[in-house]
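Summary of structural features
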Amino acid sequence: MNWGFIGFGRIARKFLESLQAVDGEMAYAFASRSNAESLQKEFPNVKVYDNYDALLSDEQVEIVYISTTHNFHKEHTIAALKAGKHVVCEKPMGINSREIEAMQHVAKETGKFLMEAMWMRFLPAYREALKRAKSGEIGKIKHITASFGFRSIDKLTRDGRLLNPDLAGGALFDVGVYPLTIAADLFGWQPESFDAHAQVGETGFDETMIMQLSYENNCTAQLSASIVFNSNKEACIYGEEGFIRMPLFWKCQEFEVIKGEEVEKVELPFISTGYAHEIIEARECINHGEKESNLFTLEESLASARLVEQILSTVLK
Ligand SMILES: NC(=O)c1ccc[n+]([C@@H]2O[C@H](COP(=O)([O-])OP(=O)(O)OC[C@H]3O[C@@H](n4cnc5c(N)ncnc54)[C@H](OP(=O)(O)O)[C@@H]3O)[C@@H](O)[C@H]2O)c1
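All of these numbers come straight from a predicted model, not from anything done at the bench.

In this section: the site of the ligand. The ligand sits among 24 residues. The nearest are Ser32, Arg33, Ser34, Tyr52 and Tyr275. The side chain of Tyr52 places a nitrogen or oxygen atom 2.4 Å from an oxygen atom of the ligand. In the model, an oxygen atom of the ligand is placed 3.2 Å from a nitrogen or oxygen of the His73 side chain. Notes on the ligand: free accessible area 900 Å², of which the protein chains cover 81%. Secondary structure elements with two or more residues in the shell around the ligand: helix H1 (10-20) and helix H7 (171-187). Here the shell around the ligand is composed, by residue class, of nine nonpolar, nine polar and six charged.

So, on to the state of the cysteines. The tally for this structure, following the rule as stated, stands at zero disulfides. Just so you know, Cys219 is unpaired, no disulfide at all, and the nearest cysteine sulfur is the one on Cys236, 16 Å from it. Of the residues examined, Cys219 reaches a relative accessible area of 7% and is grouped as buried. There is no disulfide at Cys285, and the cysteine sulfur nearest it, in Cys89, is 16 Å away. For Cys285, a relative accessible area of 7% gives the class buried.

About the thresholds
For every chain, the first residue of the written sequence is number 1, and numbering continues from 1 onward in sequence order. Only residues with pLDDT of 70 or above have their local features reported here, since the model is predicted, and side-chain atom pairs are shown and tallied only from 80 upward, although totals for entire chains, interfaces and linings are computed over all residues. To obtain the side-chain values, all non-hydrogen atoms of the structure were included, while hydrogens and water were left out. We define proximity as follows: a residue is near a molecule or strand when any one of its heavy atoms falls within 4 Å of that partner. A 3.5 Å cut-off defines polar contacts: any pair of N or O atoms within that distance qualifies, except that in protein one atom must be a possible hydrogen donor and the other a possible acceptor, and neighbouring residues in sequence count only when both atoms are side-chain atoms. The accessible surface values rely on the Shrake-Rupley method and a 1.4 Å probe; as for residues, cover is taken only from the protein chains in view. In this text, helices come from DSSP runs of H or I with a minimum length of four residues, and strands from runs of E with a minimum of two, each type numbered from the N-terminal end. Ten residues, namely Ala, Val, Leu, Ile, Met, Phe, Trp, Tyr, Cys and Pro, are considered nonpolar, four, namely Asp, Glu, Lys and Arg, are considered charged, and the remaining ones, Gly among them, are considered polar. Cysteine sulfur atoms are paired as a disulfide whenever they fall within 2.5 Å. Burial status follows relative accessibility: with a 1.4 Å probe on protein chains alone, a residue under 20% of its type maximum counts as buried, one over 50% as exposed, and anything between as partly exposed.

Geometric values such as these leave the question of function open.
Take a look at the structure:
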């Protein structure tokens, strides 16, 4: 397929590397409002537009990858769907549930494929770890911990993406969606109750979010997200008879299954920069006439947005 990129920042470069590693998929056009001229010099074989409408009017573009900042995802996704393109949109797909509902509605109306780029879900090691956890080999699952904290100095200015009041900043949107998703993979999207504590910065965003959640069958999760410190960045799934440890769980390439003193190490590297798996999934779905992926459905995007919304409403007044 011919891919068009809406926005071309940090993640677009990594996504591009993965796209180039997938046979048959082609980076056909980029649209960047801030950087078109230098992109055209850097990528002479790619069409580069200085506005998004021009890319969406290009009939050769079949599928659009949206990696603008979160606050623009809804507008750009809807415009791309209405222009007749399939869409893969970066996480979080929207900044509240109403936005996701609007995107779902337009996807249905246009009959085009739409998927949130929750890349973790498509990774072989992540899927295998979850399969092993659910197989019963560590016993009944009771608890999960997952922590994603990182500090990116250049983004931590008032204008930087993570703290800018106009760009939907904050830790939960940026990295907290990964711990919430792995917990949902085990216990579902709707906890029976939760307790969230945030450190809110000067621009009004959650710089650190600590969450404790209770689910049915006496299961619990302890999750954290931060954009101001580096955490151990791992997830552990605890069963009654052992646990699974997943270092760098959102970009999982290896994990350990630990039972008593026995440690089994499993390695399943991803292709290229890891985004190849979501690209392959989108292609397979489109080739089979699917309008969404079974591996991360639009209902899940909506459930995720609802949970984020509920959590934020308790900590940001
Ligand atoms: N899946 C992953 O692993 C992953 C990793 C990082 C980020 N993400 C997601 O990808 C999205 C982009 O993240 P990023 O780190 O790539 O962001 P970024 O480099 O800061 O910005 C991406 C693009 O957004 C537009 N943009 C940035 N600041 C803007 C502003 N003040 N006003 C208008 N447009 C602005 C620009 O588009 P133009 O090029 O048109 O100027 C820019 O190239 C976010 O939603 C993030 O959650 C996903």
